[in-house]
Amino acid sequence: MTRHYQRMLKDSHILNDFSPNFIGIQLHSDDCTRISSAQELRFKTYCLERKYLAPEKYVDQKEYDEYDCNSEHFGAFDRDHKLVGYVRLVHSDRSGYFPFQHYGLKLFSGFVLPPPKESGEISRLIVSQHYRRRREDRIIPGDQNATECSEIKVPDRRIHSPQILLNLYRQM
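## Digging into the packing of aromatic side chains
Summed over all chains, the structure comprises five aromatic pairs. A centroid spacing of 5.4 Å and a plane angle of 85° characterise the contact between phenylalanine 22 and tyrosine 131, whose relative ring orientation is edge-to-face. Note that phenylalanine 22 is positioned in strand 1 (residues 22-27) and tyrosine 131 in the loop between strand 4 (121-127) and helix 4 (163-171), a separation of 109 residues in sequence. Residue phenylalanine 22 is classed as buried on the basis of its relative accessible area of 11%. Seen from their ring centres, tyrosine 58 and tyrosine 64 are 6.1 Å apart, and the 80° between their planes marks the pair as edge-to-face. Residue tyrosine 64 is classed as partly exposed on the basis of its relative accessible area, which comes to 38%. Chaining the aromatic ring pairs together yields one cluster made of Phe43, Tyr58 and Tyr64. A cation over a ring is seen here: arginine 34 above phenylalanine 77, with NZ or CZ 5.5 Å from the ring centre.

Shown next, in the form of structure tokens:
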């Protein structure tokens, strides 16, 4: 285990067998390297892969928005120190609203939100494409492009546990 990874382990306060391959930590605003990595992962995921946001809007290939400064940021890293997961917890703005309320998302009739000071909005939840479920991990009936399970020759070394997501949630 490298010295850098050991330092990340120490910073994370998670020293157990819960997730031996990934470590979740809070990304502080003064940690420019990790924040930059998170913005690059956000750009790759939301602009290039999912095409949710227009890539030309982010000339530096880093996705960020006006809610970042009012958020807590969390990252999951693999043993090679690469950021493989990210999530942010957005706090309410000065008027007590969250981003989803500014975009007009309607809640269920009769649903009452908890007080803004006691809640937050989880957003920009990402797992790197290299760690997401593969197409052949789950065959969907009727999928013309699906591969039959018997045709898969590559040994599967993945653990069927959402370790990256659980690390991120645990840090929040």
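## Re the pairing of strand 3 (residues 83-90)
Counting buried positions over the eight residues of strand 3 gives eight, a clear majority of the element. Here strand 2 (residues 71-78) pairs with strand 3 via seven bridges, running antiparallel. What sits directly across from alanine 76, in strand 3, is glycine 85. Between the end of strand 2 and the start of strand 3, which pair antiparallel, lie four residues, with histidine 81 showing a positive phi angle near 70°. Judged from the five bridges that link them, strand 3 and strand 4 form a sheet pairing that is antiparallel. Within the sheet, the bridge partner assigned to glycine 85 lies in strand 4 and is valine 127.

## Digging into helix 4
Among the residues of helix 4, Gln163, Ile164, Asn167, Leu168 and Gln171 are the ones counted as buried. The arc that holds the buried residues of helix 4, viewed along the axis, is 135°, so those residues lie on one side.

Reading the values: rules and limits
Residues numbered from 1 in each chain as written. Predicted model: local features only at pLDDT ≥ 70, side-chain atom pairs only at ≥ 80, totals over all residues. Heavy atoms only, no water. Phe/Tyr/Trp six-rings, centres within 6.5 Å; stacked < 30°, edge-to-face > 60°. Helix = DSSP H or I, 4+ residues; strand = E, 2+ residues; numbered from the N terminus. Buried < 20%, exposed > 50% of the residue type's maximum accessible area, 1.4 Å probe, protein only. Lys NZ or Arg CZ within 6 Å of the ring centre and 35° of its normal. Pairing = 2+ DSSP bridges. Arc of directions from axis to C-beta.

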